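The primary structure of each chain is shown beneath.
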Amino acid sequence: MKYIAILGSTGSIGRQTLEVVELFPQRLKVVALAAGRNRQAFLQQCLRYRPRLVSLELAEDAKWLQEQLAGCAYRPAIHYGLDGLITVATCAEASLVVTALSGAVGLIPTCAAIKARKQIALANKETLVAAGQYVSGLAEQYGVSLLPVDSEHSAIWQCLQEENRQAVQRLLLTASGGPFRQLDQAALKQVTPAMALQHPNWSMGQKITVDSATLMNKGLEVIEARWLFNVDYDQIDVVIHPQSIIHSMVEYGDGSLLAHLGMPDMRIPIQYALSYPERWFNQLPRLQVNRLKGLTFEEPDTERFPALALAYQAGRQGGAAPAVLNAANEVAVHAFLAGCINFLDIPYIVAKTLDKYQPVNPAGLDEIIQIDSWARAEAQKIIKRQ
């Protein structure tokens, strides 16, 4: 039996993780859950999975949850806020922590889980984007594995297993191209939040769906891949693959190219992270290869979608530049979803924030968090001037 804690249980990845748990009741058990502000959904999760330890973002929601459970035989320990996230992440019973939070908010609890020697099923890419060198070093120090949950990184991870890492020539991250890959610049100016949230292949949370539309998500994945697999940025390429059937590829020095194919279903990579090093049989929909009408590939257009180039730029610059990139993007995406800026303003705000950044090599987590806060404030200033 594997005992797991989930950070971000009411989000897309969190909900799908719980679906995987239900497929394997004899192998997986939830012992701790943390969520944001969706308290109704969280209440139902608590009643269904009966974790011993739970946390919500707000104190008033934690009090509400306590009141809702007052008449029940089931009475978990209830926490809230950042302290609550850390408490769930370091739950004594959990051996594996699924970090399914959206944004840099996942950084501190993930580091706490690593220090508690929990294995990490990493779905919160912003943790490695904002503090890749620090977090990867921390994981090595404490003997903790970072098991990738993103479909692209899971694909690369699986293609690398049993292979000589020294023979790797390059990693190829596939991207669907999002809903706007064929729109011209004029049409992109007219994109609304509702349009951006209509991803052609994947069902995801709002923030990652917008990031997929701008190609920033793929840029963040490039930075994440650099730290997960210890490769240089020159060894990571992005290719547009609209069908989302090949989830990523690894090219070796002898010319061999290994590709991972599968249905665009996040439960598959989630399950692999939970079951590793085993593969468990399931009855999820299978890819019918004989019914595929064609797999196509394109070069990403970084003129229409500059966010990808900005991510490479920040990654190569190093230091805290990726943390600045990520923080500014989070602020810009939130502003776009709120109707305060237009779609093309997102990469513009990120670029302007990066321009304001004075390069430093952060000494530790506290300095990274300070730079993250600075970048958010700077991005807000740029938005107000729009």
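Remember, it's a predicted structure, so these values are computed and weren't measured experimentally. (Residues numbered from 1 in each chain as written. Predicted model: local features only at pLDDT ≥ 70, side-chain atom pairs only at ≥ 80, totals over all residues. Heavy atoms only, no water.)

Draft legend 1. Spotlight on the packing of aromatic side chains. Overall, the coordinates contain 6 aromatic pairs when judged by the stated rule. The rings of Trp157, Tyr272 and Tyr276 are connected pair by pair, giving a single aromatic cluster. In this arrangement the basic side chain of Arg226 is found over the ring face of Trp227, its NZ or CZ atom lying 3.9 Å from the centre. (Phe/Tyr/Trp six-rings, centres within 6.5 Å; stacked < 30°, edge-to-face > 60°. Lys NZ or Arg CZ within 6 Å of the ring centre and 35° of its normal.)

Draft legend 2. The sheet that holds strand 7 (residues 146–148), seen in detail. The parallel open sheet is built from 7 strands, whose spatial order is 4-3-2-1-5-6-7. Edge positions in the open sheet fall to strand 4 (77–80) and strand 7, since each of these has one partner strand only. On average, adjacent strands in this sheet sit at an angle of 25° to one another, irrespective of strand direction. As paired elements, strand 1 (residues 2–7) and strand 2 (residues 28–34) share 6 bridges and run parallel to each other. In the sheet register, Tyr3 faces strand 2, and the bridge partner there is Lys29. The strands that helix 5 (residues 107–115) touches are strand 1, strand 5 (96–99), strand 6 (119–122) and strand 7; relative to strand 6, the one it contacts most, it runs at about 150°. (Pairing = 2+ DSSP bridges. Helix = DSSP H or I, 4+ residues; strand = E, 2+ residues; numbered from the N terminus. Axes fitted to C-alpha atoms, helices over the stretch in contact; angles between N-to-C directions. Contact = heavy atoms within 4.5 Å.)

Draft legend 3. Seen up close, helix 11 (residues 216–229). Here helix 11 is 14 residues long and its end C-alpha atoms lie 20 Å apart, about the 20 Å a rise of 1.5 Å per residue gives. Extensive coverage of helix 11 is indicated by the burial of 13 of its 14 residues. Looking one or two places after helix 11, you find Asn230, whose phi comes out positive at around 55°. (Expected span 1.5 Å × (residues − 1). Buried < 20%, exposed > 50% of the residue type's maximum accessible area, 1.4 Å probe, protein only.)

Draft legend 4. Representation of the sheet that holds strand 10 (residues 246–252). Spatially, 4 strands are ordered 9-8-10-11 in an open sheet, and the strand pairing comes out mixed. A strand with exactly one partner marks an edge of an open sheet, and here the two such strands are strand 9 (236–240) and strand 11 (257–261). Each neighbouring strand pair of the sheet contributes to a mean axis angle of 20°, computed without reference to strand direction. In this structure, strand 8 (residues 168–175) lies alongside strand 10, joined through 5 bridges in antiparallel fashion. Paired with Leu172 across the bridge in strand 10 is Met249. Running over the sheet, helix 7 (residues 151–160) touches strand 8, strand 10 and strand 11 and is turned about 40° from strand 10.

Draft legend 5. Structural view of a nonpolar patch on the surface. Among the surface-exposed residues, Leu261, Leu295 and Phe297 lie close enough to one another that they form a single nonpolar patch of about 230 Å² accessible area. With respect to the helices, strands and loops of the structure, Phe297 is situated in the loop between helix 12 (267–275) and helix 13 (307–317). Residue Phe297 is classed as partly exposed on the basis of its relative accessible area, which comes to 39%. (Patch = residues over 30% accessible without salt bridge, like charges linked within 9 Å, V, L, I, M, F, W, Y side chains within 5 Å. Areas by Shrake-Rupley, 256 points an atom, 1.4 Å probe, with all protein chains shown as cover. Salt bridge = Lys/Arg side-chain N within 4 Å of Asp/Glu carboxyl O.)

Draft legend 6. Region of interest: helix 6 (residues 126–142). Taking 1.5 Å per residue, 17 residues should reach 24 Å; helix 6 reaches only 21 Å between its end C-alpha atoms and comes up short. Approximately 105° is the largest bend angle found in helix 6, and it occurs at Gly132. Within the span of helix 6, buried status applies to Glu126, Thr127, Leu128, Val129, Ala130, Ala131, Gly132, Val135, Leu138 and Ala139. The first or second residue beyond helix 6 is Gly143, which carries a positive phi of 65°. (Bend = angle between axes of the 7 residues up to and from the residue.)

Draft legend 7. Region of interest: the pattern of salt bridges. Counted under the stated rule, the structure contains 19 salt bridges. Here Arg267 ties to Glu19 by a salt bridge, and the two come within 3.4 Å at their closest N and O atoms. In this pair, Arg267 is assigned in helix 12 and Glu19 in helix 1 (residues 12–23), connecting sequence segments 248 residues apart. Look at the salt bridges and you will find they share partners, linking Glu19, Asp265 and Arg267 into a network.

Draft legend 8. Representation of the environment of Met216 in the model. Mapped onto the elements, Met216 comes out in helix 11. By relative accessible area, Met216 is classed as buried at 1%. Sequence spacing of Met216 and Gly364 is 148 residues, and the spatial spacing of their C-alpha atoms is 26 Å. Apart from the residues lying within four places of it in its own chain, the contact partners of Met216 are Asp211, Ala307, Leu325, Asn329 and Val350.

Draft legend 9. The arrangement of the nonpolar core in detail. If you look at the biggest cluster of nonpolar residues, it comprises 125 residues, and the most contacted ones within it are Leu65, Phe229, Leu325 and Phe343. Among the elements that line this core, the one with the most residues is helix 14 (residues 321–337), at 11 residues. (Core = buried A, V, L, I, M, F, W, Y, C linked by side-chain atoms within 4.5 Å.)

Draft legend 10. The arrangement of the UniProt feature "binding site: 1-deoxy-D-xylulose 5-phosphate" (unreviewed entry) in the chain in detail. The UniProt record annotates "binding site: 1-deoxy-D-xylulose 5-phosphate" (unreviewed entry) at Lys125, Ser151, Glu152, Ser176, His199, Ser212, Asn217, Lys218 and Glu221. Ignoring anything within four residues of it in the chain, the contact list for Ser176 reads Arg181, His199, Asn201, Ile240, His241, Pro242 and Ser244. Examined against the element boundaries, Ser212 turns out to sit in helix 10 (residues 206–214). Overall, Ser212 belongs to the buried group, its relative accessible area being 10%. If we ignore the near neighbours within four places in the chain, the residues touching Ser212 are Gly178, His199, Met204 and Asn217. (UniProt positions renumbered as here; feature names shortened; annotations may be inferred.)

Draft legend 11. Spatial organisation of the UniProt feature "domain: 1-deoxy-D-xylulose 5-phosphate reductoisomerase N-terminal" (unreviewed entry) in the chain. Within this structure's numbering, the places UniProt gives as "domain: 1-deoxy-D-xylulose 5-phosphate reductoisomerase N-terminal" (unreviewed entry) are residues 4–132. Counting secondary structure, residues 4–132 comes out at 45% helix and 21% strand; the distance between its end C-alpha atoms is 24 Å.

Draft legend 12. Fine view of the packing of helix 13 against helix 15 (residues 345–356). Orientation of helix 13 relative to helix 15, taken along the N-to-C sense of each, is 20°, at an axis distance of 10 Å. As judged from the angle between their axes, helix 13 and helix 15 are roughly parallel. For the pair helix 13 and helix 15, the sense of crossing is left-handed. Residues Ala307, Leu310, Gln313 and Ala314 of helix 13 touch helix 15, and the partners they reach there are Pro347, Val350, Ala351 and Leu354. Residues that form the contact of helix 13 with helix 15 fall into these classes: 7 nonpolar, 1 polar and no charged. (Parallel < 35°, antiparallel > 145°, perpendicular 65-115°, else oblique. Left-handed = near helix turned anticlockwise from the far one by under 90°. Nonpolar A, V, L, I, M, F, W, Y, C, P; charged D, E, K, R; others polar.)

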